[in-house]
Amino acid sequence: MMRPENVVYMDNNATTRVAPEVLEVMLPYLQDYYGNPSSMHRFGGQVEAAVTEARKKVATLLGADPEEIVFTSCGTESDSTAIFSALQSFPDKRHIVTTRVEHPAVKNLCENLDTLTGHKHRVTRLMVDADGMLDLQKYEEALADDTAIVSVMWANNETGVIFPIEEMARMARARGILFHTDAVQAVGKIPINLKELDVDFLSLSGHKLHGPKGVGVLYVRRGTPFVPFLVGGHQEKGRRGGTENVASIVGLGRACELAAVNMAEENSRVKALRDKLEQGLLASIPHSILNGHKTDRLPNTSNISFEYVEGEAILLHMDQYNICASSGSACTSGSLEPSHVLRAMGVPFTAAHGSIRYSLSIYNTEEEIDFVMEKMPPIIAGLRQMSPFWKADA
Amino acid sequence: MWEYTNKVQQHFLHPKNVGEIENPDGTGDVGSLACGDALKLTFKLDEKGVITDAKFKTFGCASAIASSSVLTEMIIGMNLDEAAKVTNEDIANRLGGLPKEKMHCSVMGREALEAAIANYRGLKIPMAEGEVVCECFGVTDLEVIRAIKESSLRSVEEITNFTKAGGGCGKCIDRLREILVATVHQGADIKKVVEKPKRMTTLQKIKKIEEALEREIRPGLRKDGGDIELVDVDGDFVTVSLRGACTSCAKSQTTLKEYVEKKLRELVLDSLIVEESK
């Protein structure tokens, strides 16, 4: 097995390291305190208290009330719950507004609603411009009387581009339309205060903010009509059946506490490292292009296309130096087409296949940035030598 | 993560015979940037018709590079009749196998070799003669049928793994199933399947639509102070954006359906559906 200390990990939008502080609070619930939070005895009751404590911590990070927090198994479950809930709450409304650049959790759900529900739906998928930004006027025009829900991600997982959720939620509320945001990439990286927003549903995932995998949250604004997705016991006040994933919930609570503390560093030191890497690579490698808006972007994410070479080949060369990152190329996606996000932005094929996403965290160091900046130019040059499309003087 | 054999990794990290031969006897160019992989193969023959040198340039993933590299190694020393018998299975076997989703990389190697031999012999590339089945990746029915026969494919998923056909918009999947059934049952039905109207690749479609917009549609709109721009083509769905006076015109929807869509159906393809970008 590859040891973590030997790895230069720049793939934090895929998943993050579990913070040691998080693991520490989880272990007792995997070892000694195995009681069921629903039990009547004190041995289970003490576990319920830990879940309640974690719920408060998550709520604090989001500026929400603890009762508005529903624990789920992952971001995808949270997304599905929000969208299906809205459709079932308003069976006459068969229109959804979303974007072309959503995570597959929302994108594939919206594209398959007719099959999944047995009813015909209209789905408006908002276009983005070359910077990955939405046109708010088009958004307003898309809102209709039969719109059941708007589902728009807060920040894009591939480019880090941030959408104006505050304004978009307000516009939906003004029309009496429910608003859901997939904030899996945003939570912990940028400040969020749901008390001041017109957001009705928000999804987050534990493993994107140094918590464990297998736990997520759906925020449900108090008073929002709600139909559960997983039907079973009375857990989560009847909003999500299934025995609680106690250790992970406790871990997520601690992760949210840490995220609040680390957010300043994320937006200063991590952002500076990201900028150094980005500017360094764009300067030292010809025919490299930044994908996504220059400033309206998460502080940790940089998506760069290296023209005329293919992403999987780049990643495997990086892997030789234990550098971990991601690509929007076809070969890495498991499909045969490059990233839908980059295609929606109109990134040409010459560049889309050669895109690399670097996503940092507070655990990255300046030495790692220097190391990657040193290794990338020869990797790209080597592959270009081999490419039939590369002209040395181009 | 893909499970690549040591042999694949070796040929990927240290490829053999990278480059382009000057004044080659045969050149084979297959794939494209849009498709995500491409290979240019060149070879040189001696007076006895034996391949003395072969070089490649490849744009693509690790298995595409490894397939190209091992292919050049295999064919050097062969005469053209021997080289013509090299199949994609031979290439994959020489690499110790490829992940099934990556078999199309070995198919690309074989097709480049075929194209280079055809180029030397002054013949047309046999597989390109067929009718395009998969518009996204420009795969012909002949390529699909051969892959089914040679690699004993038994599902549409396998066809996609080997030829990429069906791996884009997915519109051709029913058609691939028809071809699969017909081929497996040694069908006399294949002929009938082949005689459907010509299909276009997405690239061809985009080009034709742009031409039609420029020549036939724009002049009419401009007369009224409007304009139109092509935003996206996704299968038969054509997304356009109306500009200028068209944006505020109450009749713009009628223009879109009655004029733009009608024209495009007439000039490009009768199944196109025109939508306005929202």
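Going by the structure above, here's the rest.
Given the structure is predicted, the values throughout are model-derived calculations rather than measurements. (Residues numbered from 1 in each chain as written. Chains lettered and ligands numbered in written order. Predicted model: local features only at pLDDT ≥ 70, side-chain atom pairs only at ≥ 80, totals over all residues. Heavy atoms only, no water.)

Turning next to the packing of aromatic side chains. Inspection of the entire model under this criterion finds six aromatic pairs over all chains. With a centroid separation of 6.3 Å and 85 degrees between ring planes, the pair formed by Tyr321(A) and Phe371(A) is classed as edge-to-face. Here Tyr321(A), found in the loop between helix H10 (311–320) and strand E11 (323–324), pairs with Phe371(A), found in helix H14 (residues 366–386); they are 50 residues apart in sequence, far enough to count as distant. Ring centres 5.6 Å apart and planes at 75 degrees place the aromatic pair Phe389(A) and Phe59(B) in the edge-to-face group. Separated into two different chains, Phe389(A) in the segment after H14 and Phe59(B) in strand E3 (residues 51–59) make up a pair that spans both. Since its relative accessible area comes to 0%, Phe59(B) is described here as buried. Positioned above the aromatic ring of Phe90(A), the side-chain terminus of Lys93(A) is 5.0 Å from the ring centre. The residue whose ring lies beneath Arg384(A) is Trp390(A), and the NZ or CZ to ring-centre distance is 4.5 Å. (Phe/Tyr/Trp six-rings, centres within 6.5 Å; stacked < 30°, edge-to-face > 60°. Helix = DSSP H or I, 4+ residues; strand = E, 2+ residues; numbered from the N terminus. Buried < 20%, exposed > 50% of the residue type's maximum accessible area, 1.4 Å probe, protein only. Lys NZ or Arg CZ within 6 Å of the ring centre and 35° of its normal.)

The interface is formed by 36 residues belonging to chain B together with 26 residues belonging to chain A. Both sides together, the interface formed by chain B and chain A hides about 2600 Å², and carbon and sulfur atoms give 68% of it. There are two salt bridges connecting chain B and chain A. Between Glu312(A) and Lys102(B) there is a salt bridge, and its shortest N-O distance comes to 2.6 Å. (Contact = heavy atoms within 4.5 Å. Buried area = accessible area lost by both parts, 1.4 Å probe. Salt bridge = Lys/Arg side-chain N within 4 Å of Asp/Glu carboxyl O.)

Here the focus is a negative patch on the surface. Together, Asp129(A), Asp131(A), Asp135(A), Glu140(A), Glu141(A) and Asp296(A) make up a region of like negative charge exposed at the surface. In this fold, Asp296(A) is placed in the loop between strand E9 (288–291) and strand E10 (301–306). (Patch = residues over 30% accessible without salt bridge, like charges linked within 9 Å, V, L, I, M, F, W, Y side chains within 5 Å. Areas by Shrake-Rupley, 256 points an atom, 1.4 Å probe, with all protein chains shown as cover. Lys, Arg positive; Asp, Glu negative; His and termini not counted. Charge placed at Lys NZ, Arg CZ, Asp CG, Glu CD.)

With that settled, the discussion passes to the packing of helix H1 (residues 6–13) of chain B against helix H2 (residues 62–75) of chain B. The relative placement of two packed helices is expressed as an angle between their axes plus a distance between the axes. Residue and element names in this part refer to chain B. Axis separation between H1 and H2 bottoms out at 8 Å; the angle between their running directions is 85 degrees. Taken as axis vectors, H1 and H2 run roughly perpendicular relative to one another. Residue-level contacts link Val8, His11 and Phe12 of H1 to Ala62, Ser63, Ile65, Ala66, Ser69, Val70 and Glu73 of H2. In terms of residue class, the contact of H1 with H2 is built from six nonpolar, three polar and one charged. (Axes fitted to C-alpha atoms, helices over the stretch in contact; angles between N-to-C directions. Parallel < 35°, antiparallel > 145°, perpendicular 65-115°, else oblique. Nonpolar A, V, L, I, M, F, W, Y, C, P; charged D, E, K, R; others polar.)

Below, the discussion takes up the state of the cysteines. All chains considered together, the criterion is met by zero disulfides over all chains. In this structure Cys74(A) is not part of a disulfide, and its nearest cysteine sulfur, from Cys256(A), lies 16 Å away. Overall, Cys74(A) belongs to the partly exposed group, its relative accessible area being 27%. Note on Cys136(B): no disulfide assigned, nearest cysteine sulfur contributed by Cys169(B) at a separation of 3.7 Å. (Disulfide = S-S within 2.5 Å.)

The next subject is the layout of surface pockets. Residue and element names in this part refer to chain A. In this structure, the second largest pocket encloses a volume near 510 Å³. What lines the second largest pocket is a set of 16 residues, among which Pro4, Glu5, Val7, Tyr9 and Arg17 lie closest to the centre. Classifying every residue of the lining of the second largest pocket by side-chain character gives seven nonpolar, five polar and four charged. (1 Å grid on protein atoms, 1.4 Å probe; cavity = no way out; pocket = protein on both sides within 12 Å on 5 of 7 lines; lining within 4 Å. Points joined across faces, edges and corners; volume = space filled by probe spheres on them.)

Moving on to the environment of Thr247(B). Locating Thr247(B) in the fold gives a position in helix H11 (residues 245–248). Along the backbone, Thr247(B) and Ser32(B) are 215 residues apart, and their C-alpha atoms lie at a distance of 37 Å.

A separate point is the sheet that holds strand E12 (residues 326–327) of chain A. Residue and element names in this part refer to chain A. One open sheet accounts for four strands, arranged E9-E10-E13-E12; its pairing is antiparallel. In this open sheet, the two strands that pair with only one neighbour each are E9 and E12. Where helix H9 (residues 246–284) meets the sheet, its contacts fall on E9, E10 and strand E13 (355–359), and the angle it forms with E10 comes to roughly 10 degrees. In the packing of H10 onto the sheet, the strands contacted are E10, E12 and E13, and the crossing angle to E13 comes to about 45 degrees. (Pairing = 2+ DSSP bridges.)

All names here are of chain B. Pairing in this open sheet of three strands is antiparallel, and the strands run E1-E2-E3 from one edge to the other. Looking at the sheet topology across the chains shown, the edges are occupied by strand E1 (26–32) and E3. Taken pair by pair, the neighbouring strands of this sheet meet at an average axis angle of 10 degrees, ignoring direction. As judged from the eight bridges shared by strand E2 (residues 37–45) and E3, these two strands associate in the antiparallel manner. Looking across to E3, one finds that Leu45 is bridged to Ile51. Here H2 sits on the sheet in contact with E2 and E3, set at roughly 175 degrees to E3.

All names here are of chain A. One pass over the structure, following the stated rule, counts 50 salt bridges over all chains. Residue Arg3 pairs with Glu5 through a salt bridge whose shortest N-O separation is 3.2 Å. Glu5 sits in the exposed class, given a relative accessible area of 57%. Put simply, Arg357 and Asp11 hold a salt bridge, and the shortest N to O gap is 3.1 Å. Separated by 346 residues along the polypeptide, Arg357 in strand E13 and Asp11 in the loop between strand E1 (8–9) and helix H1 (20–31) bring together distant segments of the chain. Asp11 gets classed as buried once you look at its relative accessible area, which sits at 11%. Overlapping salt bridges bring together Lys271, Arg274, Asp275, Glu278 and Arg297 as one network.

Moving on: the pairing of strand E2 (residues 69–72) of chain A. All names here are of chain A. Residue alternation in E2 divides its side chains into two sets, Ile69 and Phe71 and Val70 and Thr72, and both sets are buried. Inspection of the sheet shows E2 paired to strand E8 (residues 216–220) by four bridges, in the antiparallel sense. Paired with Phe71 across the bridge in E8 is Val217.

Of note in this structure, Asn322(A) is not a glycine but carries a positive phi near 60 degrees. Within the secondary structure layout, Asn322(A) lies in the loop between H10 and E11. In this structure, Asn23(B) takes a positive phi of about 45 degrees despite not being glycine. Topologically, Asn23(B) is positioned in the loop between H1 and E1. Accessibility expressed as a relative area gives 63% for Asn23(B), which makes it exposed.

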